[in-house]
Amino acid sequence: MAAPKSGSKRMKWALDFSHKNNKERSSELASPPGYTHGVALVHSIDHARDANSNHLIIKKSWDLALGPLKQVPMNLFIMYMAGNSISIFPIMMVGMLIIRPVKALFTLQQTFKVIEGTHAFGQKFVFFLGQIVNILLALYKCQSMGLLPTHASDWLAFVEPQTRVEYSSGGFVYT
């Protein structure tokens, strides 16, 4: 077998590291995608990074502001599953439905102290609105359980409670 000649045709995939000059080697290889030479590019990269970080801050703050509104469907499902009976689980659930938004409203400034800019007022308003919606859901649940005093007889001793005029229930008709 004959040894391969040094002057023979090179394979496409073979690399030759015998070049001493880096300029010769760099002229053979193309620049990677997204890479260009120049100092002006550094400023545009810093500007793009700042714009991207501002975009991420605004996105995170809107996620924080929309958090209470995202909890509404879960709270509705929990209210449905708890039922309207007066027992420990529904009462604890209603208590938590009221306490969590009230605490969040008292700590509104602490929650949004890191958020600044043009969107801050809108984000605080959306957060406040979401917490109010959750409080209203809890009050509706209290009313449907009969825990809210909605009739005069609930707080006045001399007023008779409402009496039902008619009772209806399901059943079978016997002939």
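Reading guide: rules and limits
- Residues numbered from 1 in each chain as written.
- Predicted model: local features only at pLDDT ≥ 70, side-chain atom pairs only at ≥ 80, totals over all residues.
- Heavy atoms only, no water.
- Helix = DSSP H or I, 4+ residues; strand = E, 2+ residues; numbered from the N terminus.
- Contact = heavy atoms within 4.5 Å.
- Areas by Shrake-Rupley, 256 points an atom, 1.4 Å probe, with all protein chains shown as cover.
- Core = buried A, V, L, I, M, F, W, Y, C linked by side-chain atoms within 4.5 Å.
- Buried < 20%, exposed > 50% of the residue type's maximum accessible area, 1.4 Å probe, protein only.
- pLDDT = per-residue confidence, 0-100.
- Polar contact = N/O pair within 3.5 Å; in protein donor to acceptor, adjacent residues only side chain to side chain.
- Expected span 1.5 Å × (residues − 1).
- Arc of directions from axis to C-beta.
- Patch = residues over 30% accessible without salt bridge, like charges linked within 9 Å, V, L, I, M, F, W, Y side chains within 5 Å.
- Salt bridge = Lys/Arg side-chain N within 4 Å of Asp/Glu carboxyl O.

## Quick notes on the overall build of the protein
Right, so step 1: Counting its secondary structure elements, the protein contains five helices and zero strands.
Right, so step 2: Taken from the N to the C terminus, the helices and strands of the protein come in the order α-α-α-α-α.
Right, so step 3: A separation threshold of at least 6 residues defines the contact pool for the protein, and within that pool the share at least 24 residues apart is 65%.
Right, so step 4: A total accessible area of about 14,900 Å² is found for the protein, and carbon and sulfur atoms account for 65% of it.

## Focus on the nonpolar core
Right, so step 1: Within the largest apolar cluster, ten residues are counted, these being Val72, Met79, Ala82, Met93, Val94, Leu97, Leu137, Ala138, Cys142 and Met145.
Right, so step 2: Going through the elements one at a time, helix H2 (40–82), helix H3 (88–106) and helix H5 (120–145) are the ones with two or more residues in this core.
Right, so step 3: Ranked by residues supplied to this core, first place goes to H5 with four residues.
Right, so step 4: Once you skip the residues sitting within four places of it in the chain, Met145 turns out to touch Asn84, Ser85, Ile86, Pro90, Ile91 and Val94.
Right, so step 5: Ala104, Leu108, Ala120 and Val126 belong to the second largest nonpolar core, which has eight residues in total.

## Some words on the confidence of the model for the protein
For any part of a model where pLDDT is low, the fine detail of the predicted coordinates should not be relied upon.
Right, so step 1: Mean pLDDT over the protein stands at 78; residues scoring 70 or higher make up 77%.
Right, so step 2: Taken element by element, the predicted model of the protein shows its lowest mean pLDDT in helix H1 (residues 22–28) (56) and its highest in H5 (91).

## Digging into the side chain of Ser61
Right, so step 1: Note that Ser61 resides in helix H2.
Right, so step 2: There is a polar contact of 2.8 Å between the side chain of Ser61 and the side chain of Gln123.
Right, so step 3: Residues within four places of Ser61 in sequence aside, it is in contact with Phe112, Ile115 and Gln123.

## Some remarks on H3
Along an α-helix, residues three or four apart share an orientation, since each turn contains 3.6 residues.
Right, so step 1: Between its first and last C-alpha, H3 extends 27 Å over 19 residues, near the 27 Å set by a 1.5 Å rise per residue.
Right, so step 2: Within H3 the residues assigned to the buried category are Pro90, Met93, Val94, Leu97, Pro101 and Ala104. Viewed end-on, H3 has its buried residues packed into an arc of 115°, placing them on one side of the element. Turned more than 90 degrees from where H3 packs its buried face, Ile88, Met92, Lys103 and Phe106 sit exposed.

## Remarks on the side chain of Asn75
Right, so step 1: Turning to its location among the elements, Asn75 is positioned in helix H2.
Right, so step 2: When its relative accessible area of 5% is taken as the criterion, Asn75 is described as buried.
Right, so step 3: Residues within four places of Asn75 in sequence aside, it is in contact with Leu97, Arg100, Asn134 and Leu137.

## Remarks on a nonpolar patch on the surface
Right, so step 1: Together, Met74, Phe77, Ile78, Tyr80 and Met81 make up a nonpolar patch on the protein surface, roughly 580 Å² of accessible area in all.
Right, so step 2: Structurally, Met74 can be placed in helix H2.

## Points about the environment of Leu97
Right, so step 1: Considering the arrangement of structural elements, one finds Leu97 in helix H3.
Right, so step 2: Of the residues examined, Leu97 reaches a relative accessible area of 3% and is grouped as buried.
Right, so step 3: Between the alpha carbons of Leu97 and Leu139 there is a distance of 8.8 Å; along the sequence they are 42 residues apart.
Right, so step 4: Ignoring anything within four residues of it in the chain, the contact list for Leu97 reads Asn75, Met79, Asn134 and Ala138.

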